[in-house]
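Letter by letter, the chains look like this.
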Amino acid sequence: MEEKQYRSVGKSVRKKDSLQLLLGKGVFLEDVVPPGALVVKLLRSPHANAIVEQIDTATAAKVPGVVGIYTWQDVPQHRFTNAGQTFPEPSPDDRLILDRHLRFVGDPVAIVAAEDEKAANRAMQLIKVTYQVLEPVLDPRQAKDAPVLVHPEDTWHAKVDVGGDNRRNLVASEVSGHGDVDRVMESCDIVIEHTYHTPACQQAMMETFRTYTALDRYGRLYVLSSTQIVFHVRRILARALGIPKSKIRVEKPRIGGGFGAKQSAISEVYPAFVTWKTGRPAMLIFTREECQIAGSPRHEMEIRVKLGADRQGNIRALDLYTLSNTGAYGEHGPTTVGLSGHKSIPLYTGGLEAHRFAFDVVYTNLQPAGAYRGYGATQGIFAVESAVNELAERLGMDPTLIREKNMVREGMTMPAYYNEISRACALDRCLEHCKEMFRWEERYPVRDMGNGKVRAAGVAMAMQGSAVSNVDVGSATVKLGDDGCYTLIIGAADMGTGCDTILSQMVAEHMDCPVDQVTVFGADTDASPYDSGSYASSTTYLTGKAVEKACTQLKQQLCAIAAELMDCQPEDTLFQGDRVICQEGSRWVSLEEISYKAQCCNQHAAMVTASHTSPVSPPPFMVGMVEIELDKLTGEVSILDYMAVVDCGLPINPALARIQAEGGIVQGIGMALSESVTYNPQGRPMEDSFLQYKIPSRLDMGKLRVEFEHSHEPTGPFGAKSIGEIVINTPAPALAHAIYRATGVWHRTLPITPEQIAMGVPEG
Amino acid sequence: MMTIKQYVRAESLEQAYQLNQVRANRVLGGMLWLNTSKLAVNTAIDLSGLGLDQIEEGEDAFSIGAMVTLRQLELHPGLNAYTQGAMAKSVQDIVGVQFRNMATVGGSLFGRFGFSDVLTMFLALDAQVELYHAGTLSIQEFAQRTPDRDLLVRVVVRKRPGRFVYQSVRNTRTDLPTLTCAVSQVDGAYRLAVGARPMKAVLLTDEEGLLAQGITPESARAFGEYAARTVPTSGNLRGSQAYRTHLVQVLTQRGILELGGDHHGA
Amino acid sequence: MELKLTLNGRAVTAQIEADTLLLDFVRSHGCTSVKRGCETTNCGLCTVLLDGKPVLSCATLAARAAGRTVTTLEGLQEEAADFVGFIADQGADQCGFCNPGFVMNTIALLRENPDPTDDDIRAYLAGNLCRCSGYEGQLRGIRAYLDSRKG
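Note that the structure is predicted; figures quoted are calculated from it, not measured.

K.L.:
Tell me about the packing of aromatic side chains, and name the residues and values.
P.N.:
Tallied over the entire structure, the rule returns 20 aromatic pairs over all chains. Measuring from centroid to centroid gives 5.4 Å for B:Tyr17 and B:Tyr132, while their planes differ by 50 degrees, and the two rings are tilted. You can see B:Tyr17 sitting in helix 1 (residues 13-20) and its partner B:Tyr132 sitting in the loop between strand 6 (128-131) and strand 7 (135-138), a full 115 residues away along the chain. On the basis of relative accessible area, B:Tyr132 is assigned to the partly exposed category, the value being 30%. Among the aromatic residues, those joined into a cluster by ring pairs are A:Phe438, A:Trp440 and A:Tyr444. Seen from the ring of A:Tyr329, A:Arg95 lies directly overhead, with NZ or CZ sitting 4.2 Å from the centre. Positioned above the aromatic ring of A:Tyr372 is the side chain of A:Arg298, whose terminal nitrogen or guanidinium carbon lies 4.2 Å from the ring centre.

Right, dumping it as structure tokens:
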């Protein structure tokens, strides 16, 4: 494909903050806040379902250094949601800052604020609580219409009708589809029907949830938080505290990883409440244990897939039912579930005659789920890709050939994806490229290595979206500085992904200047233009387009200033990066001259803000292939090679795109082989630390190789689509496939541990 | 987190021993449990100033001080030559280099932790433990005793002609083990140590003479089956009882075969 | 109690509690590169050099460092600057929260073994978790640095 050559875009530019980060400079929340903030700690429920009958804080309050202890009696009584979503949020208003009714082990019972950590900890031990312990709902399969209600309260409120009903433990419910799926299924030669189970997984970002709050010089609430969503946090806090948004300013420092965890306001409300009550600076830093037991993990899902095909391997019908467990609160419950079908079924648009996708999202008395990279697509793709691999094995066909027959291709309308047209799709080229790079023909056959060891390979495809169509808003302000440099002001959040740099590359490309001439500021609700925030794979695609708009308009503004300087008509000027020329004659003025003129007797702002939204959410595509060596006797799996080819449109920064892919693959490997959140019979999480919750180390991932196939998305900046989320989706189905090849056993429940492999019994 | 009122760097073993007789006092090892323990300690006793951080290799034995780190075990040329690398293998999957620079032999053994790779290895080595008060005893006897207020001073590994094989199974490479298994043949006698059952490691010898006729695929299998029948296991987060018992059989059989020179095991 | 030690080449005397952790001690002395990522000695974010050896400062009593030499990334800026640019070229710094611990342990590795294989690097750094990068870019960066030294 003929591609345009760019000066800054498409280049592996170093991240703007890379040396600060690599040399350990103090840029994170705990490094930058002034000393002296009150230490905020949360006393958490030991029960999965209980009512606070009595709570006595008198003794605890006497501990020297304790400044305040707050219980359910002290907080405002309007319910809100922690979900960082565009208003009106599809997630129900089902939370209070502190509730008398405790709905999971870890639900906060009291907030303690003290001068130091020791005093806070001592006070926590001295708070006396009498609980009325209730029977919990712990099994999502039993939750719908169960006699025990997680949210019996009348004040539960859904702002958007998503089929939820708190009287039925139901957060959302829906059926959609096209064609007569039952009729087509009946006429299929082969029907594969299985149920797949993916447990909750933790994002496990290295920096735990944390927030600092203080009153600013105007007496407003200043909130510095490790968050992906400054504007949503402001709205959530305003509602939770019952104060006007104008009284709140939210800013983020560098963020030590997010992966969606920080797309919910997990830690913000507590110190904000303390500061609003006491007037004093306050800080809450979650321990790793709190992160593990009271974070916002991936939704546990159980997905029933019914796939109908003919004997030649043409997939004719897909029927999915997803049961999603949102836990004790509904954050992201109604929305994550949709992706389990809408971002798995469209992969097989090829000859699909009919599909149906139904779901229920239920409350349980378990840790509330939230947003995690992949956002439901990961779960759905594990199910559908596994079913397609099962079909291939049943037919004795090469699974890559089945995919070639059925995959979505450029130009197709995708009925399961809101009838969007796949305008940029290199999935076919990704598969071809990956097969060649991986040497699929050679490695797909199972090889016995002796001593109980077997080598085998597996494959999976994936898609995601780019932003939430017709909802998300990306914005950028670009302004010219005195010295001819630009400042880019954004409300999107760089959480290590590199969006500050990627968006700067775009500014540099548009303004025809070096990337070093662009500085970035954000995100700060007082100064940044409104942006939904960094989630839903939106920043490059959406905010990038806002950058394009802002730069286009800024060039016009600068030409207008230059025209005055040169005493010519703006129409006769031409922007040339470091100068504006007057096309009549050979006159020109430098950017620096324009910037000084902008400060003197000037009426054209050398600054533009632009917003962008999109009616479509173009999917990136990906193919992943894995080779493993499996020890049939111990069940241990060693990943030898993981290779992937990604179509994210045009990678704006190939190095950063590659790291996104590699990081996502390794997270996906963790989800496939070792990570899960499980509970004891009382509903207490078992994996409450990094000792018990095992994310992959660098010895657990083999060798990675990622390459790209370019496509051109007409609605994206420079033809770009997203990459942040899709990359986590292929490892689970590809590994389950390889493990089947090695052992003859399909594992339909994650994670697939050595025990399950060693003790697994082949079917039939 | 563990709270500590007072810190004392002991100037003699006697001082440390006397301080340790007080219930609320504790000897510090590598301190790796500092954060997870909820103990309220009065005096923390640090042995790091007593020169116990050396591995001394003599003609007949290795003398390993209580404050020797796991990293020292991993890197010691003499110990690893003597154990054919099994010593390094027994510790190299433990968390990371930084952790192994801190974790001590004394701390690893004294707690008689179920998951201890180190205890498993030293059982197969038929090591001797020198306690300050109780004197020298076999590692097997030491392992069976419940932790008391004595001090572990050093561990002695006698150099006798032997072969050693160490294996473990872990859910991820640097996780705590699901099962540990060390086999040895020292002075002709076979020893099998199995740990992370998940209870603390136990030692098995070839009481039934299954290996008396030498190591063959059949005798290795028979000994593996014997081990699986004999070694008690149970289930926890990392594995069920059935899986562990299966692993006892698999690792024992493979270990014995490797001991016999077959590097392909089963 | 009083603590005397050498922190990044400077003699420091301070009053500490018996249970002050070395991590909190160095952070309170301006060494904010040292991070806390877990409470169970599993993540490696708090790595510092104690008498030149990499250890986890979250599980080291400050008191045990008495009379010894503690080095954090603040004290190794030049040595780190030699190779971190190669990590930056890969984009493998990512969120950066694990970087100081990873950089410290890489320095320890290269001092101990100036010419490591890829497997040596993986093994030595196994105790440094990273959730963003997928590790491969860190490895490519170190490899590129080592290759650049060979000319």
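There is more to say after this.
K.L.:
I'd like to hear about the domain arrangement of chain A, residue by residue, with values.
P.N.:
All names here are of chain A. According to the domain assignment, chain A contains domain 1 (18-26 + 468-612), domain 2 (34-134 + 206-257 + 261-293) and domain 3 (300-466 + 617-759). Listed per partner, the contact involves 26 residues of domain 2 and 26 residues of domain 3. Here domain 2 packs against domain 3, burying approximately 2100 Å² in sum over the two surfaces, 53% of which is carbon and sulfur. Scanning the region where domain 2 abuts domain 3 turns up 2 salt bridges.

K.L.:
Outline the nonpolar core, supporting the account with residue identities and numerical values.
P.N.:
The biggest cluster of nonpolar side chains holds 169 residues, and the ones touching the most others in it are A:Ile97, A:Ile111, A:Val305, A:Leu307, A:Ile315, A:Leu427 and A:Val623. Per-element tally for this core: the top contributor is helix 10 (residues 377-395) of chain A, with 9 residues. Ignoring anything within four residues of it in the chain, the contact list for A:Leu307 reads A:Met185, A:Ile190, A:Val191, A:Ile192, A:Ile315, A:Ala317, A:Leu318, A:Ala387, A:Val388 and A:Leu391. B:Met31, B:Ala66, B:Ile94 and B:Met121 belong to the second-largest nonpolar core, a separate cluster that totals 88 residues.

K.L.:
Any chance you could break down the interface of chain A and chain C for me, citing the residues and the numbers?
P.N.:
The partner chain C presents 52 residues to the 56 residues of chain A that form the contact. Ranking the residues of chain A by area buried against chain C places A:Leu22, A:Met206 and A:Arg698 at the top, with a combined share of 23%. Taking the shortest distance from any N to any O, the salt bridge between A:Asp31 and C:Arg27 comes out at 2.6 Å. In this assembly, chain A and chain C are joined by 25 residue pairs in polar contact (both at pLDDT 80 or more). Elements with a contribution of two residues or more to the side of chain A that touches chain C: helix 1 (18-22), helix 2 (29-32), helix 8 (288-293), helix 17 (654-673) and strand 29 (703-708) of chain A. Looking at the side of chain A that touches chain C element by element, the count peaks at 9 residues for helix 17 of chain A.

K.L.:
Account for the domain arrangement of chain C, with residues named and values stated.
P.N.:
Residues and elements named next belong to chain C. Segmentation of chain C into domains returns domain 1 (2-74) and domain 2 (76-150). Computed over C-alpha atoms only, the centres of domain 1 and domain 2 are separated by 21 Å. Together, the buried faces of domain 1 and domain 2 total about 1300 Å²; carbon and sulfur atoms form 67% of this surface. Summed over the three residues of domain 1 that lose the most area to domain 2, namely Leu45, Leu49 and Leu73, the buried surface amounts to 41% of that side. If you look at where domain 1 meets domain 2, you find 0 salt bridges. Across the domain 1-domain 2 interface, the total number found is 6 residue pairs in polar contact (both at pLDDT 80 or more). In terms of residue count, the dominant contributor to the side of domain 1 that touches domain 2 is strand 3 (residues 47-50) (3 residues). Classifying every residue of the side of domain 1 that touches domain 2 by side-chain character gives 6 nonpolar, 6 polar and 3 charged.

Conventions we followed
- Residues numbered from 1 in each chain as written.
- Chains lettered and ligands numbered in written order.
- Predicted model: local features only at pLDDT ≥ 70, side-chain atom pairs only at ≥ 80, totals over all residues.
- Heavy atoms only, no water.
- Phe/Tyr/Trp six-rings, centres within 6.5 Å; stacked < 30°, edge-to-face > 60°.
- Helix = DSSP H or I, 4+ residues; strand = E, 2+ residues; numbered from the N terminus.
- Buried < 20%, exposed > 50% of the residue type's maximum accessible area, 1.4 Å probe, protein only.
- Lys NZ or Arg CZ within 6 Å of the ring centre and 35° of its normal.
- Domains from an automatic or database assignment.
- Contact = heavy atoms within 4.5 Å.
- Buried area = accessible area lost by both parts, 1.4 Å probe.
- Salt bridge = Lys/Arg side-chain N within 4 Å of Asp/Glu carboxyl O.
- Core = buried A, V, L, I, M, F, W, Y, C linked by side-chain atoms within 4.5 Å.
- Polar contact = N/O pair within 3.5 Å; in protein donor to acceptor, adjacent residues only side chain to side chain.
- Nonpolar A, V, L, I, M, F, W, Y, C, P; charged D, E, K, R; others polar.

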